[in-house]
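# Summary of the model geometry
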Amino acid sequence: MSDAILNKEKSAVGQTAAPPQQAPILFLHAIDRHYRQGDVTLHILKGAELAVWPGQAVALVAPSGAGKSTLLHIAGLLEHPDGGDVYVDQIATSALSDAERTRIRRTEIGFIYQFHHLLMEFSAMENVIMPQMVRGLSRAEATKRATDLLGYLGLKERLTHRPAELSGGEQQRVAIARAVANAPRILLADEPTGNLDPKTSEHVFGALTQLVEASGLAVVVATHNMDIAARMHRRVTLRRLGGRVGITSLPLFAGGAPPPLVRLPKLSPLLTKNIS
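Conventions adopted
- For every chain, the first residue of the written sequence is number 1, and numbering continues from 1 along that sequence.
- With pLDDT at 70 or above as the cut-off, local features in this predicted model cover only qualifying residues; side-chain atom pairs require 80 or more to be listed or tallied, and sums for whole chains, interfaces and linings still use all residues.
- Only hydrogens and water are set aside when side-chain values are computed; all heavy atoms of the structure are taken into account.
- Labels follow the DSSP assignment, with helices taken as runs of H or I lasting at least four residues and strands as runs of E lasting at least two, numbered in each case from the N terminus.
- Buried, partly exposed and exposed residues are distinguished by accessible area as a fraction of the type maximum, computed with a 1.4 Å probe on protein chains only: under 20%, between the cut-offs, and over 50%, respectively.
- Residue contacts are defined here by distance: any two heavy atoms, one from each residue, within 4.5 Å place the two residues in contact.
- Values of accessible area rely on a 1.4 Å probe in the Shrake-Rupley scheme; residue burial ignores everything except the protein chains shown.
- All axes here are fitted lines through C-alpha atoms, helices being fitted over the stretch that makes contact, and every angle between N-to-C directions spans 0 to 180 degrees.
- Here the angle decides the label: under 35 degrees means roughly parallel, over 145 means roughly antiparallel, 65 to 115 means roughly perpendicular, and every other value means oblique.
- If you view the pair so one helix is near and one far, a crossing is left-handed when the near helix is turned anticlockwise from the far one by less than a right angle, and right-handed when it is turned clockwise.
- Note on terminology: a nonpolar core comprises buried Ala, Val, Leu, Ile, Met, Phe, Trp, Tyr and Cys residues joined through side-chain atoms within 4.5 Å.
- Ring geometry is summarised as follows: Phe, Tyr and Trp rings, the Trp one being its six-membered ring, pair when their centres sit within 6.5 Å, and such pairs are stacked at plane angles under 30 degrees, edge-to-face over 60 and tilted between the two.
- Any N or O atom pair separated by 3.5 Å or less is treated as a polar contact, with the protein-specific requirement of one donor-capable and one acceptor-capable atom, and with residues adjacent in sequence counted only for side-chain atom pairs.
- Here, a strand pair is defined by DSSP locating no fewer than two bridges between the strands.
- By definition, a salt bridge exists where a carboxyl oxygen of Asp or Glu is found within 4 Å of a side-chain nitrogen of Lys or Arg.

### Looking at the overall build of the protein
- When helices and strands are tallied, the protein shows seven helices and ten strands.
- Out of the 276 residues in the protein, the part that is buried amounts to 50%.
- Contacts in the protein between residues at least 24 apart in sequence constitute 76% of all its contacts with a sequence separation of at least 6.
- Per element, the accessible surface of the protein, about 12,800 Å² overall, is 53% carbon and sulfur.

Now the structure itself:
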């Protein structure tokens, strides 16, 4: 049974290699994931590796059912791998307690899904305010942050509208604002434009790339849209290797060595990124 292999893939936009002295903010090392169906073991990921650096937008491309969502769930600490480890800012997360993993997920990682999952009884502003108040900001601070983010994403005139009063593209832009409201360093998006028409997809993708450029976010986007994938810094594909799914991407570290272990850092200061 062979492991997943790494092959160099041409960059879609400019140079993708990070400076040698800079460690990736997200590193998936030798990830295995399998499920049991009766007596059969389904290997979803086998020896998969992926590194993403700050300010880098990576497209994750594969057919439906190939394991894109599984990979994102593992990267976002929503799911434990069966083997390997996920490093967030050089922190190995597999041995951390659930509370520590939750703390990293809450402060360092943002999520966007194909469906916006906004709270329908609350306005666009309130949907972006709430996660900040859960994080510990005052309502006044959270309101200022939400206003700036939504305005930056072209929703200045829609702050008090509820999701049902917004278009699909507007709803998804609110979801983006909510995902970055607590200034995460990593943003994971699972088919964020999958339910949108091509023109609206362009608007949403433009908003996402603006945030990457303005804030230095590391972004991984699972998508079927090859036009969008081609415009990102890197394209990563999930491909089957001997019946299993592995990652084809750029080489990582010499010898495949993971980054050094360091202690879990204290919580990052709130709102340290100037996105507005």
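### As for the packing of helix 4 (residues 139-152) against helix 5 (residues 168-180)
- Running from N to C, helix 4 and helix 5 point in directions that differ by 135 degrees, and their axes come no closer than 10 Å. Here helix 5 runs oblique to helix 4, going by the angle between their axes. Between helix 4 and helix 5 the crossing geometry is right-handed. Residue-level contacts link Arg-145, Leu-149 and Leu-150 of helix 4 to Val-174, Ala-177 and Val-180 of helix 5.

### Brief notes about the nonpolar core
- Counting residues in each nonpolar core, the largest one holds 40 residues, and the members touching the most others are Val-128, Leu-150, Val-174 and Leu-187.
- Those elements giving two or more residues to this core turn out to be strand 3 (57-61), helix 3 (124-135), helix 4, helix 5, strand 7 (186-190), helix 6 (198-215), strand 8 (218-222) and helix 7 (226-230).
- If you look at the next biggest cluster of nonpolar residues, it comprises 31 residues, including Leu-50, Val-52, Leu-71 and Ile-109.

### Describing the packing of aromatic side chains
- A full pass over the atoms with the stated rule returns two aromatic pairs.
- Residues Phe-27 and Tyr-87 carry aromatic rings whose centres are separated by 5.8 Å and whose planes lie at 25 degrees to one another, so their mutual orientation is stacked. Note that Phe-27 is positioned in strand 1 (residues 26-37) and Tyr-87 in strand 4 (residues 83-88), a separation of 60 residues in sequence.
- Using a relative accessible area of 1% as the deciding quantity, one classes Phe-27 as buried.
- Aromatic side chains Phe-111 and Tyr-113 sit 6.3 Å apart centroid to centroid with 5 degrees between the ring planes, which places their arrangement in the stacked category.
- Tyr-113 gets classed as partly exposed once you look at its relative accessible area, which sits at 30%.

### Re the side chain of Ser-123
- Within the secondary structure, Ser-123 is located in the loop between strand 6 (109-112) and helix 3.
- Given a relative accessible area of 9%, Ser-123 falls into the buried group.

### Observations regarding the side chain of Gln-171
- Looking at the element boundaries, Gln-171 is found in helix 5.
- At 3.5 Å, the side chain of Gln-171 and the backbone oxygen of Leu-166 are in polar contact.
- Those residues in contact with Gln-171, other than ones at most four positions away along the chain, are His-116, Leu-118, Pro-163, Ala-164 and Leu-166.

### Re the sheet that holds strand 2 (residues 40-52)
- The antiparallel open sheet is built from four strands, whose spatial order is 2-1-4-5. In this open sheet, the two strands that pair with only one neighbour each are strand 2 and strand 5 (91-92).
- Helix-sheet contacts for helix 1 (residues 68-75) involve strand 1, strand 2 and strand 4, and the interaxial angle to strand 1 is about 125 degrees.

### Points about the pattern of salt bridges
- Tallied over the entire structure, the rule returns six salt bridges.
- One salt bridge in this structure joins Arg-33 and Asp-82, with 2.9 Å as the shortest N-O distance. Taken together, the residues span a long stretch of sequence, with Arg-33 in strand 1 and Asp-82 in the loop between helix 1 and strand 4 at a distance of 49 residues.
- Classification of Asp-82 by relative accessible area gives partly exposed; the value is 40%.
- Through salt bridges that share partners, Arg-33, Glu-79 and Asp-82 make up one connected network.

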